[in-house]
Each structure stands twice: as C-alpha cells, then as structure tokens.
Amino acid sequence: MKHVLVTGGAGYIGSHACKALKAAGYVPVTYDNLSTGWQDAVKFGPFEQGDLTDAARLDAVFAKYDPIAVVHFAALSQVGESMQKPALYWRNNVVGSLTLFEAMLKAGCKEIVFSSTCATYGDHDNVVLDETCEQEPINPYGASKRAIEDMLMGFGESDGLRSVIFRYFNVAGADPDSEVGEFHQPETHLIPLMLDAIDGKRDALTIFGTDYDTPDGTCIRDYVHVMDLVDAHVLGLKWLQDGKESRVFNLGTGNGFSVREVVNESRIVTNKEVPVVDGARRAGDCTMLVSGSVRAETELGWRPKRSDMKQMITDAWRWHQTGHYDQ
Ligand code: UDP
C-alpha cells in the first residue's frame, strides 16, 4: 500500500486532497493537531493526531506507516492574523515545517508536495504573477511560506529532498458530493462569509477597502476550485514519483475577480441579495494577485475543470446549506 502522509488533512484543502489521493489509489494518512481542522473531515484514511513541532510524534508516525511521500498543508493561513501575531506564524509554520523536514530525512522519506501561496510574491503594481517574479511578501504569512520554500531548496541541495511547491491563489468551492467542505472557526474568507450574510447568519459582508487602484476600487484575486487544486497535488505526487526534479508551480486560472465582482456573481448564483457594507482596508492585503502562468498546465498537464466563478459559488453554496462538521 502506498501511504502518503498528509499534514493538515483535517482542514479545508487537506480533506479534499485526501479524497483525491484515495481516488488515485494512495492511502492518505492525516497528521493534524485539530487546531483549525475537524476530525469529522478525516474520511478517506487513517488519522494521527499530532503537532508539527512534536518531533517524537512525527518519528513514530513515519515508523508506523513508512509513507512514500508527504503532502504538507498544515499551516496557519490568515493574512490578517499574521499581522497581529507574527511569532505564531514563524513558530507554527516555519519551525513546524523544519521539524517535519528533519523527521522526513531521518525516516528516509524524500519527496514532498508543499502548499505555498501567491502571498509570497507581495504587491507587484497590478502585474500578473508568474513563478519567476520576485518574492517580496508584505505580511508574515507570506514571509513564513517563503522561508519554508527556501528551506526546501536548501534540503534539496544538501540531502536530495525533492519537492513540488504549489503557490496557491485563492481557493474556493467544495466537494460536489458535500462529503467535505470549507469550515473555519472563526471564518475569515470572502466567499463563506458572504454566504453567511446571504442566509442571515451574519448581518452583512464588510468589503475590506474600496479605494484600491483597481477598476471598482476593491481588491482583485484569482480564485481556483478546491477540487481542481487537489487534482494538481495528485499530479505533483506523480511528478516526484516519476523521478523529476524539484519544481515550483502557480495554481491559479489567470482570471482576476474583484471583491465586488464576487459579490455580484453570488447574487446571481443564489438569487438572493447580498448585504454588504464598505469598510476600511485590511492590513496586509495586496491590491491584486492573479496568476500569470500556465506552467502547471503545460508541464504537469493540469486542467482546471470547475474553476468557473459561478461553479465555485454554486458548490460552496450547496455545502453551506447541507454540509457541516460536529464542533
Ligand atoms: N475580503 C473582504 N471581506 C471579508 C473577507 C475578505 O472584503 O470579510 C476581501 C479581502 O480583503 C481580499 C479578498 O476578499 O481582498 C479575499 O480575502 P480572503 O480572506 O478570502 O483570502 P486572502 O486573499 O486573504 O487569501
């Protein structure tokens, strides 16, 4: 059996990845401290509770399953929170990843697919971003992910650790079967917050900043469906198993949507009004993050199938109405 260790497998993207990995014939072993994930979301393979900074626990899990590779999602990922609590991000994301990489090398596991982010690029004055752009993060979240990328490059040189690094743009949508979906506590992301506002679970969506240098004054992001994103991870794993060299890939569609455009699309999909109030900018937000690359399509053969905005909101709305995890 081909075990794959999935750190953060109880979280939003990790749980969808476990479903895709199982469908591709792997046994996904979730390693998660449940600080932001849900045990209910672990449905596709064994669960091992543990923290990334716990070296002894990691050693025991590597010994138990002898995984062929690691898919590393576990991280704190909120831009706003990282501005308030940078130490938390350096400790959890960077020290945690270092502990994981050392455990991998000790166990002789030398292939990893890593979740990085477009937040490592920073603000580039309204240009679309490809993998060769300078990485100049403007918040501790992005900086922590860039540091982990640097560590992976270093361990590649020193120890032959091979990596596929995915720089995600904004992930949205949910499993069309509603077995797993997006559920953060507290929620900070645009689409789930908007769906809450639409069905009255909160008074309104606050738009963070309406004076950006964009056509309608709100921030622009590139949204990619979580099912498409996790398909890329299966391809990334195959890339490593085929013996190919370490590589960085953006995962986005190249289509930018402003916050107001996402609000309008949600109105159309749900056929309901979206209560919004204009608010101040959120510290740490870039004006525009849009992928300017087709590297994942040309080299990995990745083809996004559900990353149309209406489809993403439709799938998120279905999950919002029918799915939940016990808290
Ligand atoms: N956003 C907003 N109101 C909210 C949450 C998010 O206007 O309540 C904006 C945010 O400023 C950003 C975009 O929506 O421009 C996406 O934010 P999200 O937190 O979903 O993802 P991020 O881009 O931070 O990874």
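Above this text is the structure in question.
Keep in mind that what you see is a predicted model, and the values were worked out from it rather than measured.

Draft legend 1. Broad picture of the nonpolar core. Core analysis: the largest hydrophobic core is formed by 39 residues, its most contacted members being Ile13, Leu21, Phe166, Tyr168, Val171, Leu237 and Leu251. Elements supplying a minimum of two residues to this core: strand S1 (3-7), helix H1 (12-23), strand S4 (69-72), strand S6 (162-168), helix H7 (226-241), strand S10 (247-251) and helix H9 (295-300). In terms of residues, this core owes the most to one element, H7, which gives nine residues. The residues touching tyrosine 168, leaving out its near neighbours within four places in the chain, are Ile13, Phe73, Ser115, Ser116, Thr117, Cys118, Leu229, His233 and Leu251. Of all hydrophobic cores here, the second largest spans 27 residues; its members include Tyr31, Tyr65, Leu105 and Val248.

Draft legend 2. Inspection of the pairing of S6 at higher detail. Of all seven residues making up S6, seven are buried, and the element is well covered by its neighbours. Of the two faces of S6, the one lined by Arg162, Val164, Phe166 and Tyr168 and the one lined by Ser163, Ile165 and Arg167 are each fully buried. In this structure, strand S5 (residues 111-117) lies alongside S6, joined through seven bridges in parallel fashion. Pairing of threonine 117 across the sheet is with tyrosine 168, part of S6. As paired strands, S6 and S10 are joined by five bridges and run parallel to one another. When the bridges of S10 are listed, arginine 167 appears paired with asparagine 250.

Draft legend 3. Summary view of the packing of aromatic side chains. Throughout the structure, instances matching the rule amount to five aromatic pairs. On the numbers, 6.4 Å between centres and 85° between planes, the contact of tyrosine 89 with tyrosine 141 is edge-to-face. Highlighted residues: tyrosine 89 in helix H4 (residues 86-107) and tyrosine 141 in helix H5 (residues 140-159), separated in sequence by 52 residues. We note that tyrosine 89, like tyrosine 141, is buried. Look at phenylalanine 101 and phenylalanine 155: their rings are 6.2 Å apart centre to centre, the planes differ by 80°, and that puts the pair in the edge-to-face class. In this pair, phenylalanine 101 is assigned in helix H4 and phenylalanine 155 in helix H5, connecting sequence segments 54 residues apart. For the pair phenylalanine 101 and phenylalanine 155, one class covers both residues: buried.

Rules behind the numbers
Residues numbered from 1 in each chain as written. Predicted model: local features only at pLDDT ≥ 70, side-chain atom pairs only at ≥ 80, totals over all residues. Heavy atoms only, no water. Core = buried A, V, L, I, M, F, W, Y, C linked by side-chain atoms within 4.5 Å. Buried < 20%, exposed > 50% of the residue type's maximum accessible area, 1.4 Å probe, protein only. Helix = DSSP H or I, 4+ residues; strand = E, 2+ residues; numbered from the N terminus. Contact = heavy atoms within 4.5 Å. Pairing = 2+ DSSP bridges. Phe/Tyr/Trp six-rings, centres within 6.5 Å; stacked < 30°, edge-to-face > 60°.

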